[in-house]
Amino acid sequence: MDRKSWIIVTLCVILMGVNWHYMQENQKLAQAEAARAQAEKAKNAPAATAAATPTTPGATPSATATTTPAALAAPAVVNVPEEKHALKTGSVTFELTSRGGGIARAVLAGTDKVTLNTNGLEAIGALRRDAAGLDALAYKLTAKSDKSVTFEGTSAEGVVVTKTYSLTEGEESDEHLIDLTITLKNTGTAQHRSEEYYLYAGASSALKHDDARYEGFFWNDAGDADFYQSDYYAKPWFSEQKFEFRQSYNALRFAGVMGRFYTHIVTRVAEKDAPGKFWTTRRKLAQPIDAVHAGKTDIEDHAYDASLGLPAVDLAPGASVTQTYQIYLGPKEYDRLSKIGKQRSFAMFYGWFKPISIFLSWVMRWMHDMTGNWGVAIILLTIFVRLCIWPIHAKSTFTMKRMGLLGPMMKELQEKYKDNPQQQQMEVMKLYREYGVNPLGGCLPMFLQIPIFFGLYRVLEYAAELRGQSFLWVNDLSAADTVTNWAGFDINPLPLIMGLTMVAQMKLTPQPQSMDKTQQRIFMLMPVFFLFICYNFAAALALYWSTQNIFSIAQTWIMKLYIPEPKLEKVAQKPVVKGPPPQNPFFNPMGSNKEKKKGPKPPRLGG
């Protein structure tokens with residue numbers, strides 16, 4: 001594939017990107033129209049519903065008006081005094097409440113500085129009788145210590161629910177992980193059977209509006225983990241919009257909700273798998289997440305709620321059953337999730353090139369442990385990757401240069417056979433054979449780099465370790481490196497460095513003589529196009545790209561100094577040796593064509 005073909009492919013990618021952008025805009029307009037129609041319908045409805053508002057520490061979250069079209073009415077909760085207790089371990093504080101008998105919020109200090117479940121409808125661990133309902137039991141705090149707390153409540157059916165939350169200990173413990181033991185005891189006189197017990201996994205909402213596309217939910221069915229992101233609830237063009245997700249699984253091991261950097265994972269702990277149900281929905285928040293968007297009706301932010309079902313409960317009078325769960329409320333870090341086991345590392349959805357992403361994540365963490373700075377670790381990781389693909393890049397560059405030398409001759413063939421494309425193609429392939437040039441030798445090595453690029457991109461895009469980490473003038477590697485604002489325009493130095501180094505890299509890259517002026521102009525506009533796309537990228541991604549460009553410039557300079565330029569010489573063609581035609585045993589089964597031995601014949605008996 002020559003440079004002209006690459007330009008055509010690039011333009012196709014650009015057009016696809018523009019098309020995708022307008023598709024997203026059309027979906028946003030459609031969602032806004034649906035939201036306005038739903039709001040008008042709610043005004044005319046006789047029954048009022050509660051609006052979901054972002055909560056602050058000490059406030060009680062409330063339900064929203066757009067949970068699902070057919071949301072069930074919440075059961076009345078007995079008005080009893082709220083009892084609270086906090087369990088603190090490391091940099092994490094679990095704030096527990098008797099309302100719902102669970103974790104109202106998880107406050108992550110240290111470099112995280114974030115509070116999880118701020119927009120939750122109720123406490124994480126609340127026991128619902130309907131996946132979309134609320135926990136109606138009145139719990140009492142019956143025991144508490146520095147490491148555990150116990151809540152107890154009784155249902156109208158005479159089932160006593162006892163929940164005990166304990167800090168984890170042992171090899172697979174973590175400060176973001178807490179144990180939950182639920183005991184159901186039938187104190188009534190009748191058999192109690194139900195498949196409708198659900199644990200509320202909490203609500204996830206983006207830390208800022210720009211990260212809303214990363215929000216979603218996931219599950220693990222017998223080791224097969226899968227997920228959906230926010231686009232699951234987007235209004236499609238040719239089908240009805242989805243408002244909730246309900247599914248039953250034969251072996252539901254864990255489920256939860258997630259954002260770009262943080263996740264809620266509720267894991268069932270048992271020797272044997274059991275069937276389970278999973279439910280999730282998206283609801284609109286009454287107030288935007290970003291303060292700068294306050295009062296803007298075209299900006300919508302959402303919270304994602306989830307509940308997972310308990311195994312079927314069948315209790316005789318006086319009988320009891322106990323289920324054990326673990327709740328993880330913390331950052332999406334592959335190293336951390338793999339250490340606490342239970343397949344929770346499966347919740348890192350890196351995509352098609354996950355093995356490459358996992359390896360590069362491990363290398364980046366190792367380099368951070370050596371240097372103590374994540375920015376330096378990204379630079380070292382980029383250099384490591386570029387050194388690994390140096391031979392591939394060198395081979396590709398060498399082949400592209402040889403193809404460039406064939407440019408004038410290829411142009412002559414195009415002029416000579418412009419009315420006979422088939423003959424033109426045959427002559428071009430003949431030209432490649434005469435000079436020993438492989439037309440795939442230039443692009444194939446570049447395709448081999450694609451898995452590495454996307455694998456590294458995923459690592460840097462979802463690396464929770466980079467939140468709040470500084471490097472030089474960058475205050476947060478997970479956000480854009482804005483240093484100032486000029487006339488309403490953010491000044492981000494790293495993307496600007498990336499664009500300048502791309503221009504310098506193209507100046508050093510030899511262009512084929514067959515490329516006309518129009519193609520050259522399009523080629524030189526590529527840095528501007530990439531700068532436009534990547535300008536608001538996270539600083540970590542811009543740092544990686546800038547470092548890669550600088551390394552490529554140095555590599556090109558070194559290759560010019562120490563590697564001789566390719567020469568265009570015809571290769572010696574091997575003479576074709578004609579041998580005897582091959583024998584087909586199917587048409588010569590008895591070997592009739594074998595040479596007969598010459599010599600005197602044996603005498604016949606009888607004269």
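Before reading further, recall that the structure is shown in the block above.
Everything numeric in this text was worked out from a predicted model, so none of it was measured.

K.L.:
Would you mind going over the pairing of strand β12 (residues 216-221) with me for this structure?
P.N.:
Two faces make up the sheet, and in a regular strand the side chains alternate between them. The element β12 is extensively covered by neighbouring structure, given that five of its six residues are classed as buried. Between the end of β12 and the start of strand β13 (residues 224-229), which pair antiparallel, lie two residues, with Ala222 showing a positive phi angle near 55°.

K.L.:
Looking at this structure, I do not really get the sheet that holds strand β4 (residues 114-116). What am I missing?
P.N.:
The strands making up a sheet associate through backbone hydrogen bonding, with each pair oriented either parallel or antiparallel. The strand order across the open sheet formed by four strands is β1-β2-β3-β4, and the pairing between neighbours is antiparallel. A strand with exactly one partner marks an edge of an open sheet, and here the two such strands are β1 (84-89) and β4. On average, adjacent strands in this sheet sit at an angle of 20° to one another, irrespective of strand direction. Bridging between β1 and strand β2 (residues 92-97) involves six bridges; their strand directions are antiparallel.

K.L.:
What is the right way to look at the packing of aromatic side chains in this model?
P.N.:
Going through the model one piece at a time under the given rule, you end up with 30 aromatic pairs. Measuring from centroid to centroid gives 5.8 Å for Phe217 and Tyr228, while their planes differ by 50°, and the two rings are tilted. Linking Phe217 in strand β12 with Tyr228 in strand β13, this pair joins segments that are eleven residues apart in sequence. Residue Phe217 is classed as buried on the basis of its relative accessible area of 0%. Take Tyr228: its relative accessible area is 35%, and that puts it in the partly exposed class. A cation over an aromatic ring shows up here: Arg129 above the ring of Tyr197, its NZ or CZ 4.2 Å from the ring centre. Against the face of Tyr232 rests Lys242, its NZ or CZ located 5.2 Å from the ring centre.

K.L.:
Would you explain the pattern of salt bridges in this entry?
P.N.:
Any two side chains of opposite charge can pair, given that their charged atoms come close. Inspection of every chain in the model, using the stated rule, returns 22 salt bridges. Here Glu122 makes a salt bridge to Arg128, at a shortest N to O gap of 2.7 Å. Comparing Glu122 with Arg128 shows no difference in burial state: the two are buried. Linking Arg365 and Glu333 is a salt bridge whose minimum nitrogen-to-oxygen distance equals 3.7 Å. Of this pair, Arg365 sits in helix α3 (residues 354-371) while Glu333 sits in the loop between β20 (320-331) and α2 (334-339); the two residues are 32 residues apart in sequence, bridging distant segments of the chain. Note on accessibility: Arg365 and Glu333 belong to one class, buried.

K.L.:
What is the right way to read helix α5 (residues 390-405) from this model?
P.N.:
Residues three or four positions apart in an α-helix share a direction because the helix packs 3.6 residues into each turn. Here α5 is 16 residues long and its end C-alpha atoms lie 23 Å apart, about the 22 Å a rise of 1.5 Å per residue gives. Among the residues of α5, those classed as buried are His393, Ala394, Ser396, Thr399, Met400, Lys401, Arg402, Met403 and Gly404.

K.L.:
How should helix α7 (residues 421-435) be read in this particular structure?
P.N.:
Here α7 contains 15 residues, and its C-alpha end-to-end distance of 21 Å stays within 8% of the 21 Å for a straight helix at 1.5 Å per residue. Next to the buried residues of α7 lie α5 and α6 (407-416). Remark: Gly436 follows α7 within two positions and exhibits a positive phi of approximately 65°.

K.L.:
Before we go on, may I ask you to explain unusual backbone geometry in this structure?
P.N.:
When glycine is set aside, most residues are seen to have a negative phi, and most peptide bonds are trans. Here Ala222, not a glycine, exhibits a phi torsion of approximately 55°, which is positive. For Ala222, the position within the fold is in the loop between β12 and β13. A relative accessible area of 45% places Ala222 in the partly exposed class. Positive phi outside glycine occurs at Leu472, with the angle close to 55°. With relative accessibility at 66%, the residue Leu472 sits in the exposed group.

K.L.:
Could you clarify how one ought to interpret the nonpolar core in this entry?
P.N.:
It is characteristic of soluble globular proteins that their nonpolar side chains tend to be buried jointly. Judged by nonpolar contacts, the single largest core of 50 residues is most densely connected at Phe94, Ile103, Tyr165, Leu184, Leu199, Phe278 and Ile327. In this structure, Ile327 is in contact with Ile103, Ile124, Tyr165, His176, Leu177, Ile178, Leu180, Ile265 and Val266, ignoring residues within four places of it in sequence. Among the nonpolar cores identified, the runner-up in size contains 37 residues, and Phe254, Tyr350, Met367 and Ile378 belong to it.

K.L.:
Whenever I open this one, the sheet that holds strand β15 (residues 252-258) confuses me. Can you help?
P.N.:
The strand order across the open sheet built from nine strands is β6-β7-β8-β9-β20-β16-β15-β12-β13, with neighbouring strands paired in antiparallel fashion. Two strands close off the open sheet at either side, each with one partner strand: β6 (140-144) and β13. The sheet shows a mean angle of 20° between the axes of neighbouring strands, taken without regard to direction.

K.L.:
What is the right way to look at the side chain of Gln323 in this model?
P.N.:
Mapped onto the elements of the fold, Gln323 is located in strand β20. Classification of Gln323 as buried rests on a relative accessible area of 14%. Ignoring any residue separated from it by four or fewer positions in sequence, one finds Gln323 in contact with Leu180, Thr181, Ile182, Arg268 and Pro311.

K.L.:
I keep staring at a nonpolar patch on the surface and nothing clicks. Help me out?
P.N.:
Judged by side-chain polarity, Trp557, Ile558, Leu561, Tyr562 and Ile563 come together as a nonpolar surface patch covering roughly 560 Å² of accessible area. As for its position among the elements, Ile558 is in helix α12 (residues 539-562). The class of Ile558 is partly exposed, set by a relative accessible area of 31%.

What counts, and where the lines are drawn
- Residues numbered from 1 in each chain as written.
- Predicted model: local features only at pLDDT ≥ 70, side-chain atom pairs only at ≥ 80, totals over all residues.
- Heavy atoms only, no water.
- Buried < 20%, exposed > 50% of the residue type's maximum accessible area, 1.4 Å probe, protein only.
- Helix = DSSP H or I, 4+ residues; strand = E, 2+ residues; numbered from the N terminus.
- Pairing = 2+ DSSP bridges.
- Axes fitted to C-alpha atoms, helices over the stretch in contact; angles between N-to-C directions.
- Phe/Tyr/Trp six-rings, centres within 6.5 Å; stacked < 30°, edge-to-face > 60°.
- Lys NZ or Arg CZ within 6 Å of the ring centre and 35° of its normal.
- Salt bridge = Lys/Arg side-chain N within 4 Å of Asp/Glu carboxyl O.
- Expected span 1.5 Å × (residues − 1).
- Contact = heavy atoms within 4.5 Å.
- Core = buried A, V, L, I, M, F, W, Y, C linked by side-chain atoms within 4.5 Å.
- Patch = residues over 30% accessible without salt bridge, like charges linked within 9 Å, V, L, I, M, F, W, Y side chains within 5 Å.
- Areas by Shrake-Rupley, 256 points an atom, 1.4 Å probe, with all protein chains shown as cover.

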